[in-house]
Amino acid sequence: MPAAGASRRPFGSEVRWLVLPECPAGTEGLSEEELVPLVTRDAMVGVAKVETP
């Protein structure tokens with residue numbers, strides 16, 4: 001039983017991300033199609049930088 005005031009969340013509960021956009025150097029002229037392969041999960045959650053082409 002959880003401690004008083006603690007909440008229980010079911011395993012697999014919804015995860016929300018706040019993404020702050022940053023344009024990597026050298027990508028200013030790229031189209032959306034060219035940018036898509038550069039984006040990784042780690043870059044989206046802020047633990048890695050996007051590799052420049």
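From a predicted model like this one, the values you see are computed outputs, not experimental measurements.

1. Some points on the overall build of the chain
Link 1 in the chain: Helix and strand counts for the chain come out as 2 helices and 0 strands.
Link 2 in the chain: Split into buried and exposed, the 53 residues of the chain put 6% on the buried side.
Link 3 in the chain: For the chain, the computed accessible surface area is about 5,200 Å², with 57% contributed by carbon and sulfur atoms.

2. Re the pattern of salt bridges
Link 1 in the chain: Taken as a whole and judged by the stated rule, the model has 1 salt bridge.
Link 2 in the chain: We note a salt bridge from Arg 41 to Asp 42, for which the minimum N-O separation is 3.4 Å.

3. So, the environment of Leu 38
Link 1 in the chain: In this structure, Leu 38 sits in the loop between α1 (32–35) and α2 (41–44).
Link 2 in the chain: Linking Leu 38 and Pro 24, residues 14 residues apart in sequence, is a C-alpha distance of 9.9 Å.
Link 3 in the chain: Once you skip the residues sitting within four places of it in the chain, Leu 38 turns out to touch Thr 27, Leu 30, Val 50, Glu 51 and Pro 53.

4. Section: the environment of Asp 42
Link 1 in the chain: Counting through the fold element by element, Asp 42 comes out in helix α2.
Link 2 in the chain: Leave out the neighbours within four places in its chain, and Asp 42 touches Val 47 and Ala 48.
Link 3 in the chain: A polar contact of 3.4 Å, which involves the side chain of Asp 42, links it to the side chain of Arg 41.

5. Comments concerning the environment of Thr 52
Link 1 in the chain: Residue position: Thr 52 is located in the segment after α2.
Link 2 in the chain: Among the residues examined, Thr 52 registers a relative accessible area of 45% and is labelled partly exposed.
Link 3 in the chain: In sequence terms Thr 52 and Leu 35 are 17 residues apart; their C-alpha atoms lie 9.7 Å from each other.
Link 4 in the chain: Thr 52 has contacts with Pro 24 and Ala 25, leaving out every residue within four places of it along the chain.

6. Concerning the side chain of Thr 27
Link 1 in the chain: Position of Thr 27 relative to the elements: it lies in the segment before α1.
Link 2 in the chain: A relative accessible area of 2% means that Thr 27 is categorised as buried.
Link 3 in the chain: Beyond its immediate chain neighbours, meaning those up to four positions away, Thr 27 contacts Leu 35, Leu 38 and Pro 53.

Parameters at a glance
- Residues numbered from 1 in each chain as written.
- Predicted model: local features only at pLDDT ≥ 70, side-chain atom pairs only at ≥ 80, totals over all residues.
- Heavy atoms only, no water.
- Helix = DSSP H or I, 4+ residues; strand = E, 2+ residues; numbered from the N terminus.
- Buried < 20%, exposed > 50% of the residue type's maximum accessible area, 1.4 Å probe, protein only.
- Areas by Shrake-Rupley, 256 points an atom, 1.4 Å probe, with all protein chains shown as cover.
- Salt bridge = Lys/Arg side-chain N within 4 Å of Asp/Glu carboxyl O.
- Contact = heavy atoms within 4.5 Å.
- Polar contact = N/O pair within 3.5 Å; in protein donor to acceptor, adjacent residues only side chain to side chain.

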